[in-house]
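Coordinate analysis (summary)
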Amino acid sequence: MAPAPTFPFTRADALFRLAQFVPLAGAAYAMGRNFDCGPGQHDRVSRLSAALRRRTISEGEVVQAVLAEHGPEPAASFISEVFWRTYWKGWLEQRPAIWTRYLAGRDAARQALLRDPDLAGRHGDAVAGHTGIDAFDHWMGELGETGYLHNWARMQVASIWIFTLGLPWELGAAHMLDRLRDGDPASNTLSWRWVAGLHTAGKAYLADGTRIAAMTEGRFAPQGLATQATIPVEAAAPPAAPWRTVTPPDPAVPALAWITPEDAGLEQEATFAALPLRGVVACRSHALNEADRAALADGLARAADRWQVPAQWIDSPTDLGEAAQAAGTRQIVTGYIPAGPLADALPTIRATLQASGLRLAEHLRHWDKTVWPHCRRGFFALKQEIPALLKQLA
Ligand SMILES: Cc1cc2nc3c(=O)[nH]c(=O)nc-3n(C[C@H](O)[C@H](O)[C@H](O)COP(=O)(O)OP(=O)(O)OC[C@H]3O[C@@H](n4cnc5c(N)ncnc54)[C@H](O)[C@@H]3O)c2cc1C
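Residues numbered from 1 in each chain as written. Predicted model: local features only at pLDDT ≥ 70, side-chain atom pairs only at ≥ 80, totals over all residues. Heavy atoms only, no water.

Observations concerning the environment of Gly 105
Applied cut-off: In DSSP terms, a helix is any run of H or I states spanning at least four residues, a strand is any run of E spanning at least two, and both are numbered starting from the N terminus.
Looking at where Gly 105 falls in the secondary structure, it is placed in helix α6 (residues 97-115). Sequence separation between Gly 105 and Pro 168 is 63 residues, and the spatial gap between their C-alpha atoms is 8.6 Å.

Focus on the site of the ligand
So the rule is basically this: Any residue with a heavy atom lying within 4 Å of a molecule or strand is counted as near it. Nitrogen and oxygen atoms within 3.5 Å of one another constitute a polar contact, given that in protein one can donate a hydrogen and the other can accept it, and given that sequence-neighbouring residues count only through two side-chain atoms. Methods summary: accessible areas were calculated by the Shrake-Rupley approach with a probe of 1.4 Å, and residue burial reflects only the protein chains presented.
Near the ligand lie 27 residues; those nearest to it are Tyr 29, Ser 46, Arg 47, Asn 151 and Asp 182. Ser 49 is positioned such that a nitrogen or oxygen atom in its backbone is 3.0 Å from an oxygen atom of the ligand. The separation between a nitrogen atom of the ligand and a polar main-chain atom of Asp 182 is 2.8 Å. Starting from 810 Å² of accessible surface for the ligand in isolation, the protein chains cover 97%. Counting only elements with at least two residues in the shell around the ligand, the list comes to α3 (49-53), α5 (72-93), α9 (151-164) and α11 (185-196). Element by element, the count of residues in the shell around the ligand is highest for α5, at six residues.

Regarding the environment of Ala 301
Let me state the cut-off plainly: Buried, partly exposed and exposed residues are distinguished by accessible area as a fraction of the type maximum, computed with a 1.4 Å probe on protein chains only: under 20%, between the cut-offs, and over 50%, respectively.
For Ala 301, the location among the structural elements is in helix α14 (residues 290-307). For Ala 301, a relative accessible area of 47% puts it in the partly exposed group. The spacing of Ala 301 and Thr 210 is 91 residues in sequence and 49 Å in space, taken between C-alpha atoms.

A short note on the pattern of salt bridges
Here is the rule we go by: We define a salt bridge as a contact between a side-chain nitrogen of Lys or Arg and a carboxyl oxygen of Asp or Glu at a distance within 4 Å.
Counted under the stated rule, the structure contains 27 salt bridges. Note that Arg 53 is salt-bridged to Asp 184, the shortest N-O span being 3.9 Å. Residue Arg 53 is located in helix α3, and its partner Asp 184 is located in the loop between α10 (169-179) and α11; the two are separated by 131 residues in the primary sequence. For the pair Arg 53 and Asp 184, a shared accessibility class is recorded, and that class is buried. Between Arg 284 and Asp 315 there is a salt bridge, and its shortest N-O distance comes to 2.5 Å. Residue Arg 284 is found in the loop between β2 (277-283) and α14, and its partner Asp 315 is found in the loop between β3 (311-314) and α15 (320-326); the two are separated by 31 residues along the sequence. Given a relative accessible area of 47%, Arg 284 falls into the partly exposed group. Taking relative accessible area as the criterion, Asp 315 reaches 46% and is therefore assigned partly exposed. Because the salt bridges share partners, they merge into one network encompassing Arg 53, Arg 55, Glu 59, Arg 85, Lys 89, Asp 184, Glu 262 and Asp 368.

Some remarks on the packing of aromatic side chains
Definition in use: The rule is short: rings of Phe, Tyr and Trp, with Trp giving its six-membered ring, pair when the centres are within 6.5 Å, and they are stacked under 30 degrees, edge-to-face over 60, tilted in between.
Summed over all chains, the structure comprises 18 aromatic pairs. The interplanar angle of 40° and the centroid separation of 5.2 Å between the aromatic rings of Phe 83 and Trp 367 together place this pair among those described as tilted. Of this pair, Phe 83 sits in helix α5 while Trp 367 sits in helix α17 (residues 366-371), placing them 284 residues apart in sequence. Of the residues examined, Phe 83 reaches a relative accessible area of 0% and is grouped as buried.

Points about the pairing of strand β1 (residues 255-259)
Rule in force here: Note on pairing: two strands pair once DSSP finds at least 2 bridges between them.
Across the five residues of β1, five count as buried, placing the element largely inside the fold. Side chains of β1 alternate between two faces, with Ala 255, Ala 257 and Ile 259 and Leu 256 and Trp 258 buried alike. The sheet contact formed by β1 and β2 spans five bridges and is parallel. Looking at β2, one finds that Trp 258 is bridged to Val 281. Alignment of β1 against strand β4 (residues 331-335), held across three bridges, turns out to be parallel. In the sheet register, Ala 255 faces β4, and the bridge partner there is Gln 331.

Topic: the sheet that holds β2
This is how the line gets drawn: Throughout, an axis means a line fitted to C-alpha atoms (over the contacting stretch in the case of helices), and angles, computed between N-to-C directions, take values from 0 to 180 degrees. By definition in these notes, contact holds between two residues if any of their heavy atoms fall within 4.5 Å.
If you walk across this open sheet you meet the five strands as β3-β2-β1-β4-β5, and the pairing is parallel. The open sheet is flanked by β3 and β5 (359-363), the only strands paired with a single partner. Pairwise comparison of adjacent strand axes, ignoring direction, gives a mean angle of 30° for this sheet. Taken strand by strand, α14 contacts β1, β2 and β3, and its axis lies near 175° from that of β2.

Concerning the domain arrangement of the chain
Note the threshold: The source of the domain bounds is an automatic or database domain assignment. Accessible surface is computed with a 1.4 Å probe, and the buried area is the amount of it that two parts give up when combined, taken over both parts together. Residue polarity follows a fixed list, in which Ala, Val, Leu, Ile, Met, Phe, Trp, Tyr, Cys and Pro are nonpolar, Asp, Glu, Lys and Arg are charged, and the others, Gly among them, are polar.
The assigned domain composition of the chain is domain 1 (11-93 + 371-393), domain 2 (98-215) and domain 3 (255-363). A straight line from the C-alpha centre of domain 1 to that of domain 3 covers 27 Å. Taken together, the nine residues of domain 1 in the interface contact 17 residues of domain 3. Contact between domain 1 and domain 3 buries roughly 1,100 Å² in total, counting both sides, with carbon and sulfur atoms accounting for 45%. Our count for the domain 1 to domain 3 interface comes out at two salt bridges. Notably, a salt bridge pairs Asp 292 with Arg 54, separated by 2.8 Å at the nearest N-O pair. Where domain 1 packs against domain 3, one counts eight residue pairs in polar contact (both at pLDDT 80 or more). Element by element, the count of residues in the side of domain 1 that touches domain 3 is highest for α5, at three residues. Of the residues in the side of domain 1 that touches domain 3, the class split is two nonpolar, one polar and six charged.

Shown next as structure tokens:
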């Protein structure tokens, strides 16, 4: 049998990796999860993020497998990390203006690079990993080569970027989002904001050279790191507001399933089991990297197999209408599209489909519907609810 890839992108590989990791997800994870042992050595963490991000494997499946092996107490640390993902998704969904604000800040910072040669030079050195800060330079190289960084390394990179190198956080967030194979608009943007001191007002994360040496088992000894965090200034975040209302799938109407990187696991959802599907499509324009390509191709193949319908790649969402008409359907069904580039394009996509008399239905998963109402304040408010939520989600 071929060895499992380091970072699983397909469902079969993700299930294999989950089975491999489950024995380590209890006390061993709680003790070892913050150590960054270097490329090829990230065995103390699951490395399931690229598959979870695309829902090739679900949060519920991962949590249930770990709970079944270890029970609630020993599994608490790992489960809490999975809930961080849901927390960021739910928080951003109820404050989508923070995503728009990030995009505006990123674009303004890119303009500043064109005007300011000193800023452009420091930014270029950071991106190329030529700052002279050993750990930072290594991590930028690892990110470029593997598309992955350990969570603790991501925190140090973001902190050094913002507070030691004095670079706009939005440029760092954009660079990471682009390079990560698990790049996720909510987890990435909000984690950068958390490090910068913009999520929990006034509380920033400051990287420390001695701690980096300890957590990398002596591989690095970075010098000259900032000893003070100057928190970027911005207006307070808006209050939480209800997430987008969506049209749910109509089980009486034949449908075309649309697999996106936001939910490539439609065939796992009970709602979809009952739908009269006539075909399944994915867009080439969403296959931005090897993880997207593999997850979309795998999602297409699984759905085609599950419903015994034709699978097809289309160029972009502009072709959805034609594909639906060719399949003889007036309904396109997909997973809920949360804040991010695809949601930004939704109004145009929906308007085009409506003009042809087609409806776009989105399915909000039970997991999200149950947990998101608890994602309006800080993470610790959600954390207290995890035991009760697990009972509801079981
Ligand atoms: C600056 C910064 C940027 C980040 N950008 C992303 C991103 O774009 N996409 C992304 O999925 N995660 C992001 N994270 C969160 C976290 O670093 C990764 O989810 C984690 O490192 C993935 O590795 P793993 O699957 O081995 O995690 P494990 O430790 O095995 O955790 C299991 C799962 O829980 C979730 N998870 C774990 N930690 C976090 C966390 N802190 N926040 C949110 N979810 C978490 C992930 O889905 C992960 O796969 C970022 C963190 C920081 C500090």
